[in-house]
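Next come the chains, spelled out residue by residue.
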Amino acid sequence: MAYTVPKLKDFSTSTLTMAFVDLKSAFQTETALPNSEAEWKQFRDRWLARKNGILTQINGLWLKAAPKEAKSEVGKLVNDVKRFVEQEFAKDRDWAIAASSLAQTFQRIDISLPGICRPIGAEHPVLRASREMCAVFQRMGYSIAEGPVVETDYYNFEALNFPPNHPARDTQDTLFIAGQQSKPQRERLLLRTHTSPVQIRTMEKLPPPIRIVIPGVVHRNDPPDASHSPMFHQIEGLAVDTNITFGDLKGTLDHAMKEFFGSSVKTSFRPSFFPFTEPSAELYISCFICGGSGRRGSDPCRPCKQTGWIEALGCGMVDPNVFEFVKDNGYDPKKVSGFAFGMGVDRVALLKYGVDDLQLFFQGDVRFLQQWA
Ligand code: PHE
């Protein structure tokens, strides 16, 4: 029942207090009733309207009707009532404003539309080739291993069977860290020229058997051109167990090349030399661009230099001298054998994606890179 302002039968303190209590509870009940903005406005006017609103009525029925001696107490009460009602409306109004502005916001936003997509970039083609090549070996049970780019002479050379002053070191075009002369040679720092030092680092930590692939950045003092860069990427592989043979090496790499470049690719192993493998080989794959013919229509095939074969990587059986450096961790060269390989990822990416200039990979031109997005 809607509240009506009662006439007071007397103006005693207890009557006034009761009247205030009744009004408050009536107000609390009514304040919960409005269901729309229109109903809420009606409710507000019923209480606040100057003409005949409840507060106005209270002024007439309570204050004006009070006898002189009660005027000051009734006046205080009427002020309390006004303050109470006005405060309650202030709360309500804040709430109503918030609710209506929320409603307006929702009318402007179509929450069924997809959100704003933030551009997250694309994987760099070299890293993509690296990841895909590692994945080929991971599917054969290999794990990933990594090591530092700033390396010691010991891991980059000595433990890989490059003795101090051995001429094979010259082939690596090493970039040395300055100011290392006061250290013993094996502790001097350099930028690793290949990922092979991680072979030793991993064998120091894990006893055989192991099967690992090692992706990473390497540096050599090569001036940049269409096929060279002072910074490039390699993937190293190492498998050590009892009875690993050159046949395992051939079968593993033949499978990997077919997985990565396509099943029609053929492989050819040609003798080579690396200090840390014996025997050593270079693996060639048949040119998947010209199909091995050396020609593209009437033009010569450039990627294989018209030979029909492309050099893919270096490999070989781990030299027993290398195992001597990690013998204490179970790598007795009389008991274990293994194979290793190392390939240039940038080269492999050039071939796979048909890019003709290595420098494009490192210039950061978005028009080039977004082709892999
Ligand atoms: N580390 C050699 C290089 O960078 C490649 C290689 C790795 C060869 C493992 C044989 C075995 O040229």
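Structure: above.
Described in the following lines is the structure provided in the data block. Note that this is a predicted model, so its numbers are computed, not measured. (Residues numbered from 1 in each chain as written. Predicted model: local features only at pLDDT ≥ 70, side-chain atom pairs only at ≥ 80, totals over all residues. Heavy atoms only, no water.)

**Some details on the pairing of strand β11 (residues 337-344)**
Phase 1: Taken across its 8 residues, β11 has 6 buried, putting it largely inside the fold.
Phase 2: Two strands pair when backbone bridges link them, and strand β5 (residues 231-241) and β11 are joined in this way by 8 bridges, in the antiparallel orientation. Within the sheet, the bridge partner assigned to Glu 236 lies in β11 and is Gly 342.
Phase 3: Pairing between strand β10 (residues 309-318) and β11: 4 bridges, direction antiparallel. (Buried < 20%, exposed > 50% of the residue type's maximum accessible area, 1.4 Å probe, protein only. Helix = DSSP H or I, 4+ residues; strand = E, 2+ residues; numbered from the N terminus. Pairing = 2+ DSSP bridges.)

**Comments concerning the nonpolar core**
Phase 1: Residues Phe 137, Met 257, Leu 313, Phe 341 and Met 343 are the most contacted members of the largest nonpolar core, which totals 44 residues.
Phase 2: In contact with Met 257, not counting residues within four places along its chain, are Met 133, Gly 262, Val 265, Thr 267, Leu 283, Ile 285, Ala 312, Leu 313 and Met 343.
Phase 3: Counting residues in hydrophobic clusters, the runner-up holds 26 residues, among them Phe 11, Val 74, Val 78 and Phe 89. (Core = buried A, V, L, I, M, F, W, Y, C linked by side-chain atoms within 4.5 Å. Contact = heavy atoms within 4.5 Å.)

**A word on the pattern of salt bridges**
Phase 1: Under the criterion given, the structure shown has 15 salt bridges.
Phase 2: Residue Glu 151 pairs with Arg 201 through a salt bridge whose shortest N-O separation is 2.8 Å. Of this pair, Glu 151 sits in strand β2 (residues 150-152) while Arg 201 sits in helix α7 (residues 197-205), and the two are 50 residues apart along the sequence.
Phase 3: Accessibility expressed as a relative area gives 22% for Arg 201, which makes it partly exposed.
Phase 4: Its salt-bridge partner being Glu 324, residue Lys 327 comes within 3.7 Å of it at the nearest N-O pair.
Phase 5: Classification of Lys 327 as partly exposed rests on a relative accessible area of 35%.
Phase 6: Using a relative accessible area of 41% as the deciding quantity, one classes Glu 324 as partly exposed.
Phase 7: If you follow the salt bridges from partner to partner, you end up with Arg 128, Glu 132 and Lys 352 in one network. (Salt bridge = Lys/Arg side-chain N within 4 Å of Asp/Glu carboxyl O.)

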